[in-house]
Every structure is written in structure tokens, then in C-alpha cells.
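Breakdown of the fold
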Amino acid sequence: MTIWTVIFLLLGGAAGGLLSSVASMASLASYPVLLAVGIPPVFANVTNDAALIWTSIGSTVSSTKELKGHWKQVWFYTIFTVVGSILGCILLLSFPPKIFEKAVPFFIAFSGLMIIVSGKHHSLNTKAQPTWLKIIYFLALLIMGMYTGYFGAAGGVIVLVLLTYITNDKFIVINAIKNVICGFANLVALIIFMFTSHIYWLQAIPLAIGMFIGGYIGPAILRRVPEKPVRIFIASLAFIQAGYFFYTAYLQ
């Protein structure tokens, strides 16, 4: 690689890390960067996953204030996403991703809509929710873990929406929890892919460094920005990505 390729990957990783920690949209930046340096699509997806772990590490280090007192929740939610991620990786190795690709655009568009709507329910007492509804939410977390291991695009946005309905914590706290549990789901997927696929480590390293930087900066930005504009920003990116995946799934 040339020095310019390394710089390109660093900048792309920083943008992806920032988007991931703030809006769960790393693939808007990092995936196209890997394609641009000549990595085939399937391997670009796996290599992106290898680098994406460092976004979660950066954002977790930067979010210790928000995560304080919430680690019991984090580990509980992580169980569902990690088990789901293992199942999703098994599905990916058994069936082609095309099965999910047709539904993904609508999935992401719905999550973008829910990001806006979920901000209006926060006065509700989640502790008063019926048990059956809580079970549905936790099963949905399991399914989102499967989605992360199987396909993964914008899965963090949907996890963010689910956590908004599971807990009454502040948005910045929920986002920090989301970054951690999605990071563990990605880590499990990476371990599996290390033995079943090919990762372009030479390109993944500078991308990972950039993602760590972007992931670290993201929570600091969230502390200084009102919640409503952030929700609108995330929803807008979700609709953009939904349009992109609709184009690739149905029009290409």
C-alpha cells in the first residue's frame, strides 16, 4: 500500500467510527472505502467487521461516565446479542446473504422512523410494561444479534430503538450501551470469520486505528449536542442507507 492509501483508510475509518458511535452507520463510510482500495465486496464486509471492533473500544473508553452504574444491564443485554450473533454467523455460512438483502431496505427505513417516534415515548415507565412485552423486546435483541452476525448493515440503529423502549435512561446512556453490546456481537462474528473467511489485515489495521479515533470522539460530540437533532441526523442517515440498499437489492 502507498502512504496515500494508508491515509485514505485512516480518514475513512475515523469517519466510520464517528458515524458508528453517534449514529450506528459506520458502513456509510468504511465499507465504500474498502471497496475503493480494491477489496472484493464479501471480503470487504468481513474486513470492515474486523476494524469495527475498535469503534466500540474507542466509544466505550470515552463513555465510562455514561456507562457507570449500567454495566449489569450491559452484560444482560450482551447475552442476547452475542448468542444471536453466533446463530447469525451459522446462517451466513449456510445460506447466501441474498435472502436478507431484499428485506434490509425496509428494515432500515422502519428503524429510521422508529428513531424519531421513540423519542416521544420517553415519559412512559418501562418498569410497568407487561412481562410478555419485555420478552418480545429481548427476543428482538436476540434477532438483532443474528442480523449482526448474518448481514449487519445498520443493525445498531435497530438495537438503539429497542433499548429506547426497554429502558428509560437518557439517550446518550442508551447509545453508550448500544455501542458496547453491538461491539461484543461484532467481536464474536469476527472470531468466527477469522476461521471461515479471509480478512485483509493490512488494510484493516489503518482502518481500525481511524475507527478507534472516530469512536472515541463520537460520545464527546453527543454530550454537546441536543438529543432531537441527533435523532433527526440518525434517522436521515437511516433513510439514505435504506435507499442505497433498496437500489442494490432491486435496481442493480
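Residues numbered from 1 in each chain as written. Predicted model: local features only at pLDDT ≥ 70, side-chain atom pairs only at ≥ 80, totals over all residues. Heavy atoms only, no water.

Below, the discussion takes up the overall build of the protein. In terms of regular secondary structure, the protein is built from twelve helices and zero strands. For the protein, the succession of helices and strands along the chain, N to C, is α-α-α-α-α-α-α-α-α-α-α-α. In terms of overall dimensions, the protein has C-alpha extents of about 55 × 40 × 35 Å along its principal axes. Every one of the 252 residues in the protein was classed for burial, and the buried ones make up 50%. In the protein, of all internal contacts separated by at least 6 residues, the share reaching a separation of at least 24 is 84%. For the protein, the accessible area works out to roughly 11900 Å², and carbon and sulfur atoms hold 75% of it. (Helix = DSSP H or I, 4+ residues; strand = E, 2+ residues; numbered from the N terminus. Buried < 20%, exposed > 50% of the residue type's maximum accessible area, 1.4 Å probe, protein only. Contact = heavy atoms within 4.5 Å. Areas by Shrake-Rupley, 256 points an atom, 1.4 Å probe, with all protein chains shown as cover.)

Feature annotation in UniProt places "transmembrane region" (unreviewed entry) on residues 74-96, 103-123, 135-165, 172-193, 199-218 and 230-250, given in this structure's numbering. Regarding residues 172-193, the helix share stands at 100% and the strand share at 0%, and the terminal C-alpha atoms are separated by 31 Å. Note that residues 230-250 is 100% helix and 0% strand, and that its end C-alpha atoms are spaced 30 Å apart. (UniProt positions renumbered as here; feature names shortened; annotations may be inferred.)

Before going further, it helps to examine the pattern of salt bridges. Opposite charge on two side chains allows them to pair when their charged atoms are near. On inspection of all chains with the given rule, the structure shows one salt bridge. Arg 223 is paired through a salt bridge with Glu 66; the nearest N and O atoms lie 2.8 Å apart. Highlighted residues: Arg 223 in the loop between helix 11 (201-222) and helix 12 (227-251) and Glu 66 in helix 4 (residues 64-67), separated in sequence by 157 residues. Residue classification places Arg 223 among the partly exposed residues on the basis of a relative accessible area of 35%. (Salt bridge = Lys/Arg side-chain N within 4 Å of Asp/Glu carboxyl O.)

Taken N-terminus to C-terminus, the directions of helix 3 (residues 41-62) and helix 10 (residues 171-196) make an angle of 150 degrees; their axes are 9 Å apart at the nearest point. Judged by the angle between their axes, helix 3 and helix 10 are roughly antiparallel. In this structure, helix 3 meets helix 10 at a crossing whose hand is left-handed. Across from Val 46, Asp 49, Ala 50, Leu 52, Ile 53, Ser 56, Ser 59 and Thr 60 in helix 3, the residues of helix 10 making contact are Asn 179, Val 180, Gly 183, Asn 186, Leu 187, Ala 189, Leu 190 and Phe 193. (Axes fitted to C-alpha atoms, helices over the stretch in contact; angles between N-to-C directions. Parallel < 35°, antiparallel > 145°, perpendicular 65-115°, else oblique. Left-handed = near helix turned anticlockwise from the far one by under 90°.)

Once that is clear, we can look at helix 11. Across its 22 residues, helix 11 extends 31 Å between first and last C-alpha, which sits within 8% of the 32 Å expected from 1.5 Å per residue. Here helix 11 has its buried residues at Gln 203, Ala 204, Pro 206, Leu 207, Ala 208, Gly 210, Met 211, Gly 214, Gly 215, Gly 218, Pro 219 and Leu 222. Taken together, the buried residues of helix 11 touch helix 1 (3-23), helix 2 (30-36), helix 3, helix 10 and helix 12. (Expected span 1.5 Å × (residues − 1).)

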